[in-house]
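Read off the chains here:
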Amino acid sequence: MSLPAAVYRPRHPQDSDYYHCVEDYFETFVQGYDEQFSRQYGFWRPYIEQVIYRYLDCGDLQHGFARVKCKDCGHEYLLAFSCKRRHFCPSCHQKRVVEFGERLCMEVLKKIPHRHFVFSIPKILRRYFLYDRKLLAALSRCAWESLKGFIQDAVPENDPIPGAVIAMQTFGDFLGFNPHCHILVTDGCFYGEKGMFRVAPPLELKKLEALFRHNVFKMLLAKGKITRELIAMHSSWKHSGFHVFCGNRISPNDDTAMENLARYIIRASFSQERMQYLDDVGQVVYTGKDRKTNKVFPAMEWLAAMCTHIPNRGEQMVRYYGYYSNVARGKRQKAGNDAAVPCILETQGNEKAFRKSWARLIQKIYEVDPLICPKCQGKMRVISAIDDRQVIRAILEHLSIWLVRSRPPPKIHDPPIREYAAADLQIQPLNDTIYGDPEYTWDEYIQS
Ligand SMILES: [Zn+2]
Ligand SMILES: [Zn+2]
């Protein structure tokens with residue numbers, strides 16, 4: 001067997017504050033969750049443990065890799081497998097975000113004007129969703145039903161059909177549990193046989209909000225979560241806590257705005273650049289979106305808050321409605337009047353699809369092409385995927401990068417003795433954008 005001369009992998013993912021924090025606390029966290037956190041952060045979900053473990057091993061060559069080889073000069077490198085889990089692994093989530101934006105714009109959304117809506121609910125109702133995540137699907141449906149009726153009423157044609165993509169987000173600025181719907185909706189309706197589209201006038205948001213409120217209460221009542229008394233009490237409040245936001249019209253030609261928005265609606269629940277881990281006191285300082293406000297968490301509590309935003313295995317967080325529903329798109333395709341290829345998003349990608357797309361995605365994120373040979377500029381390709389323990393070890397030993405790395409036992413910290421005033425802390429200058437994360441620049445790492 002000819003052996004590769006280099007490896008290719010993210011630059012030191014294990015050096016981040018985030019990684020250290022997870023590594024130091026995950027075991028104690030998993031063991032102590034029920035007692036310490038389930039009351040405030042929801043029931044323990046065993047799937048969370050898997051997500052954490054997979055994250056800790058993500059991008060680690062010792063857990064398997066692909067061999068990538070240049071056809072022209074034979075130059076070869078190894079590419080570690082990644083965990084592909086949502087919302088906990090920053091690197092994998094980001095790849096997913098970019099892929100989603102691209103697919104949405106190329107395969108789902110039509111070249112017509114769109115709008116961005118956000119539907120949110122009052123504090124008093126949020127906990128029901130924390131303890132019963134199935135309600136998130138019902139909330140998405142409530143938002144769609146409310147919006148659909150309004151847009152249909154706004155156009156004069158018969159049988160008008162709007163289309164929407166609704167992404168559920170569960171996080172607020174400081175990782176609090178705040179379920180809300182991000183909606184990309186057609187700014188008007190399709191009608192007739194030939195895919196005609198009628199743009200709608202601006203909607204009356206206060207009326208839309210009232211309808212949404214009605215639909216959400218009806219749904220929670222039907223599911224036995226709330227009583228009529230609670231609804232009556234709530235109706236007497238001056239501020240309902242329900243809110244509907246509507247953004248500006250996005251023109252059909254503004255591909256960049258559309259793709260950025262598509263990425264935004266499925267963005268990760270936290271920003272690694274905004275977290276600082278103080279390992280000596282076991283605390284996390286988290287900076288708000290405004291880059292000014294800080295919140296200090298005990299490390300385990302920060303993890304507990306983070307974990308409330310991890311979807312269950314296979315849990316759908318994005319749904320397609322009306323003209324953009326899978327059924328409608330399927331029908332149009334069958335009839336040959338929809339150029340789009342059906343794609344079911346939000347599935348766990350399989351290894352094969354991953355191998356096809358990672359190069360393109362990496363190129364898009366990091367502006368380097370991992371399939372261009374650094375030696376001769378020739379074309380490289382994935383020649384095999386290695387997941388056999390013995391072969392992994394043989395190759396890594398040959399490259400002198402086999403480390404007998406058993407994870408050190410987690411540190412058990414005493415409870416923090418002093419509170420940090422946020423202003424005392426030197427927060428490092430922040431320069432991330434949500435979508436371009438300089439810490440994950442892929443680079444050629446080792447030459448043997
Ligand atoms: Zn080459
Ligand atoms: Zn990962």
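Residues numbered from 1 in each chain as written. Chains lettered and ligands numbered in written order. Predicted model: local features only at pLDDT ≥ 70, side-chain atom pairs only at ≥ 80, totals over all residues. Heavy atoms only, no water.

A separate point is the side chain of threonine 308. Tracing the chain through its elements places threonine 308 in the loop between helix 9 (299-307) and strand 13 (318-322). Apart from residues no more than four positions distant in its own chain, threonine 308 is found in contact with Tyr41, Arg45, Leu130, Arg133, Thr170, Leu175 and Phe177. (Helix = DSSP H or I, 4+ residues; strand = E, 2+ residues; numbered from the N terminus. Contact = heavy atoms within 4.5 Å.)

A separate point is the coordination of the zinc ion (ligand 2). Surrounding the zinc ion (ligand 2) are the protein donor atoms Cys58 (SG), Cys83 (SG), Cys89 (SG) and Cys92 (SG), at 2.2 to 2.4 Å. What the 4 donor atoms of the zinc ion (ligand 2) show is an angle range of 104 to 114° at the metal, which sorts the shape as tetrahedral. Look at where the donors of the zinc ion (ligand 2) fall in the sequence and you get C-x24-C-x5-C-x2-C. One end of the pair, cysteine 58, is in the loop between helix 2 (46-57) and strand 2 (65-70); the other, cysteine 92, is in helix 3 (residues 90-108), with 34 residues separating them in the sequence. Take cysteine 58 and cysteine 92: they sit in the same class, and that class is buried. (Donors = N, O, S within 2.8 Å, 3.2 Å for Na, K, Ca; no water. Tetrahedral: all angles 85-135°; square planar, octahedral: opposite > 155°, others 65-115°. Buried < 20%, exposed > 50% of the residue type's maximum accessible area, 1.4 Å probe, protein only.)

Attention now moves to the coordination of the zinc ion (ligand 1). Donor atoms from the polypeptide that bind the zinc ion (ligand 1) are Cys70 (SG), Cys73 (SG), Cys373 (SG) and Cys376 (SG), placed at 2.3 to 2.4 Å. For the zinc ion (ligand 1), the 4 donor atoms in the first shell make angles of 104 to 115° at the metal, a pattern classed as tetrahedral. Along the chain, the residues donating to the zinc ion (ligand 1) fall in the pattern C-x2-C-x299-C-x2-C. With a gap of 303 residues between them, cysteine 70 in strand 2 and cysteine 373 in the loop between helix 11 (351-366) and strand 14 (380-386) connect regions that are remote in the sequence.

Glancing now at the pattern of salt bridges. This structure, assessed with the given rule, holds 14 salt bridges. In this structure, arginine 115 and aspartate 187 form a salt bridge, with 3.1 Å as the shortest nitrogen-oxygen distance. Of this pair, arginine 115 sits in strand 4 (residues 114-120) while aspartate 187 is found in the loop between strand 6 (177-186) and strand 7 (188-191), placing the two residues 72 residues apart along the sequence. You'll find arginine 115 and aspartate 187 in the same group, each marked buried. Across the pair arginine 133 and glutamate 315 runs a salt bridge, and its minimum N-O distance is 2.9 Å. Of the two residues, arginine 133 is situated in the loop between helix 4 (123-131) and helix 5 (135-153) and glutamate 315 in the loop between helix 9 and strand 13; the sequence distance between them amounts to 182 residues. For arginine 133, a relative accessible area of 10% translates into the label buried. The exposure class of glutamate 315 is buried, given its relative accessible area of 12%. The network of salt bridges with shared partners includes Arg115, Asp187 and Arg249. (Salt bridge = Lys/Arg side-chain N within 4 Å of Asp/Glu carboxyl O.)

Before going further, it helps to spend a moment on the packing of helix 1 (residues 17-41) against helix 2. Direction vectors running N to C along helix 1 and helix 2 enclose 145°, while the axes themselves pass 11 Å from each other. Relative to helix 2, helix 1 is oriented so that their crossing is left-handed. Across the interface between the two elements, Tyr18, Tyr19, Val22, Glu23, Phe26, Glu27, Phe29 and Val30 of helix 1 pack against Glu49, Ile52, Tyr53, Tyr55 and Leu56 of helix 2. Looking at the contact of helix 1 with helix 2 residue by residue, the classes come out as 10 nonpolar, no polar and 3 charged. (Axes fitted to C-alpha atoms, helices over the stretch in contact; angles between N-to-C directions. Left-handed = near helix turned anticlockwise from the far one by under 90°. Nonpolar A, V, L, I, M, F, W, Y, C, P; charged D, E, K, R; others polar.)

This brings us to the environment of arginine 267. You can see arginine 267 is positioned in the loop between helix 8 (255-265) and strand 10 (275-278). Distance from arginine 267 to alanine 167, taken between C-alpha atoms, is 9.9 Å for residues 100 residues apart in sequence. A distance of 3.3 Å separates polar atoms of two side chains, one belonging to arginine 267 and the other to glutamine 169. (Polar contact = N/O pair within 3.5 Å; in protein donor to acceptor, adjacent residues only side chain to side chain.)

Positionally, valine 165 belongs in strand 5 (residues 163-171). A relative accessible area of 0% means that valine 165 is categorised as buried. Remark: the alpha-carbon pair of valine 165 and threonine 186, spanning 21 residues in sequence, is separated by 9.2 Å. With residues near it in sequence (within four places) discarded, valine 165 still touches Phe100, Leu104, Leu109, His182, Ile183, Leu184, Val318, Arg319, Tyr320 and Tyr324.

Throughout the structure, instances matching the rule amount to 26 aromatic pairs. Taken together, a centroid distance of 5.6 Å and an interplanar angle of 85° make the contact between phenylalanine 29 and tyrosine 33 edge-to-face. Linking phenylalanine 29 with tyrosine 33, this pair stays in helix 1, spanning 4 residues, or about one helical turn. Taking the relative accessible area as the measure of exposure, tyrosine 33 reaches 4% and is therefore buried. Relative to tyrosine 41, the ring of phenylalanine 37 has its centre 6.1 Å away and its plane inclined at 65°; by these criteria the two rings are edge-to-face. One end of the pair, phenylalanine 37, and the other, tyrosine 41, are both in helix 1, 4 residues apart, so they sit about a helical turn from each other. Looking at phenylalanine 37, the relative accessible area reads 5%, which means it is buried. A network of ring pairs unites the aromatic residues Tyr18, Tyr19, Tyr55, Phe88, Phe174, Phe270, Tyr286 and Trp302 as a single cluster. Positioned above the aromatic ring of tyrosine 323 is the side chain of arginine 332, whose terminal nitrogen or guanidinium carbon lies 3.6 Å from the ring centre. (Phe/Tyr/Trp six-rings, centres within 6.5 Å; stacked < 30°, edge-to-face > 60°. Lys NZ or Arg CZ within 6 Å of the ring centre and 35° of its normal.)

If you trace the 3 strands from one edge of the open sheet to the other, you get 10-11-12, paired in antiparallel fashion. Of all the strands in the sheet, just strand 10 and strand 12 (294-298) have a single pairing partner and so form its edges. Averaged over all pairs of adjacent strands, the angle between their axes in this sheet comes to 20°, without regard to strand direction. Alignment of strand 11 (residues 283-287) against strand 12, held across 5 bridges, turns out to be antiparallel. Looking at the pairing, glutamine 283 lines up with proline 298 of strand 12. With respect to the sheet, helix 1 is in contact with strand 10 and strand 11, its orientation differing from that of strand 10 by roughly 45°. Of the strands in this sheet, strand 10, strand 11 and strand 12 touch helix 9, which is tilted by about 105° from strand 12. (Pairing = 2+ DSSP bridges.)

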